[in-house]
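Architecture and fold: a report
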Amino acid sequence: KEKEKTLELNKEYYEFRKNIFFDMLNKDLNKEIISYEGILYLIDIIKEKLCFISPINKKYDYIKTEINNILDTKYIRQLILNEVFEFNNLINIFNFMIETIKKFQSEDFDNKIQEIENIIKNSLLDEKCEINKILPLIMRNLIDIIEEIEKQVICFRNKINNIK
């Protein structure tokens, strides 16, 4: 009973911290001189989480390599600093994240993924799009889905380890 209460408090604290982070991200993206550090940080988190939920067998290492190559925030940061990061780069990154999530997700997340794809297609690709408002929404939804998949993977791996 006490452990449940502690876990619930930890979950609430984590959600509180996540909300503060996204509030700060919104402020950073709406400054006169926009800071993309928060987005880069989230791409790093997503990269690590995608690597974690990918299969652990050596024969699937190519998946982790692909994730690390495409979500390489050092490279993305250089593109941004050199002012050669293009909108298509962003769309490609989101499409890669979504396709990678689809490889690992259960059908429980189909609607949520479809929702994100619709946001990208209908809002992000709209010429009148306020990208600074759409980016946090997309990133938050991606993180939420990945964290749910991560919980399922942890549960599954624990079951497998208990069988051995």
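Let us look at the structure shown here. All figures in this text were calculated on a predicted structure; none of them were measured in a lab.

Some words on helix α2 (residues 37-53)
A rise of 1.5 Å per residue sets the reference length of α2, with its 17 residues, at 24 Å; its end C-alpha atoms lie 24 Å apart and thus fit the reference within 8%. Three or more residues of α2 are buried, namely Gly38, Ile39, Leu40, Leu42, Ile43, Ile46, Lys47, Lys49, Leu50, Cys51 and Ile53.

Some words on the packing of aromatic side chains
The full count for this structure, using the stated rule, is two aromatic pairs. Plain terms: the ring middles of Phe21 and Phe22 are 5.6 Å apart, the flat faces sit at 90° to each other, and that makes the pair edge-to-face. For Phe22, a relative accessible area of 5% translates into the label buried. Summarising the aromatic geometry, the rings of Phe21 and Tyr41 are spaced 5.4 Å apart at their centres and angled 45° between planes, so their arrangement reads as tilted. Here Tyr41 lies in helix α2 and Phe21 lies in helix α1 (residues 2-29), a separation of 20 residues in the sequence. Looking at Phe21, the relative accessible area reads 24%, which means it is partly exposed. When its relative accessible area of 46% is taken as the criterion, Tyr41 is described as partly exposed. Here a set of aromatic residues connected by ring pairs shows up, and it is made of Phe21, Phe22 and Tyr41.

What to know about the side chain of Gln105
Assignment of secondary structure puts Gln105 in the loop between α5 (87-104) and α6 (110-124). On the basis of relative accessibility, which here comes to 15%, the residue Gln105 falls in the buried class. Of the polar contacts made by the side chain of Gln105, one reaches the side chain of Asp110; its length is 2.4 Å. Residues contacting Gln105, with those up to four places away along its chain left out, are Asp110, Ile113 and Ile149.

So, the packing of α5 against helix α7 (residues 131-163)
Interhelical geometry of α5 versus α7 gives an angle of 20° and a closest axis separation of 11 Å. Relative to α7, the element α5 lies roughly parallel. The crossing of α5 and α7 is left-handed. Across from Phe87, Leu90, Phe94, Met97, Ile98, Ile101 and Phe104 in α5, the residues of α7 making contact are Ile131, Leu135, Ile138, Met139, Leu142, Ile145, Ile146 and Ile149.

What to know about the nonpolar core
Ranked by size, the top nonpolar core spans 40 residues in total, and within it Ile46, Leu71, Phe94, Ile138 and Leu142 carry the most contacts. Elements that contribute at least two residues to this core include exactly α1, α2, α3 (61-70), α5, α6 and α7. Those residues in contact with Ile138 that lie beyond four places of it in its chain are Phe94, Ile116, Ile119, Ile120 and Leu124.

Rules and cut-offs
- Residues numbered from 1 in each chain as written.
- Predicted model: local features only at pLDDT ≥ 70, side-chain atom pairs only at ≥ 80, totals over all residues.
- Heavy atoms only, no water.
- Helix = DSSP H or I, 4+ residues; strand = E, 2+ residues; numbered from the N terminus.
- Expected span 1.5 Å × (residues − 1).
- Buried < 20%, exposed > 50% of the residue type's maximum accessible area, 1.4 Å probe, protein only.
- Phe/Tyr/Trp six-rings, centres within 6.5 Å; stacked < 30°, edge-to-face > 60°.
- Polar contact = N/O pair within 3.5 Å; in protein donor to acceptor, adjacent residues only side chain to side chain.
- Contact = heavy atoms within 4.5 Å.
- Axes fitted to C-alpha atoms, helices over the stretch in contact; angles between N-to-C directions.
- Parallel < 35°, antiparallel > 145°, perpendicular 65-115°, else oblique.
- Left-handed = near helix turned anticlockwise from the far one by under 90°.
- Core = buried A, V, L, I, M, F, W, Y, C linked by side-chain atoms within 4.5 Å.

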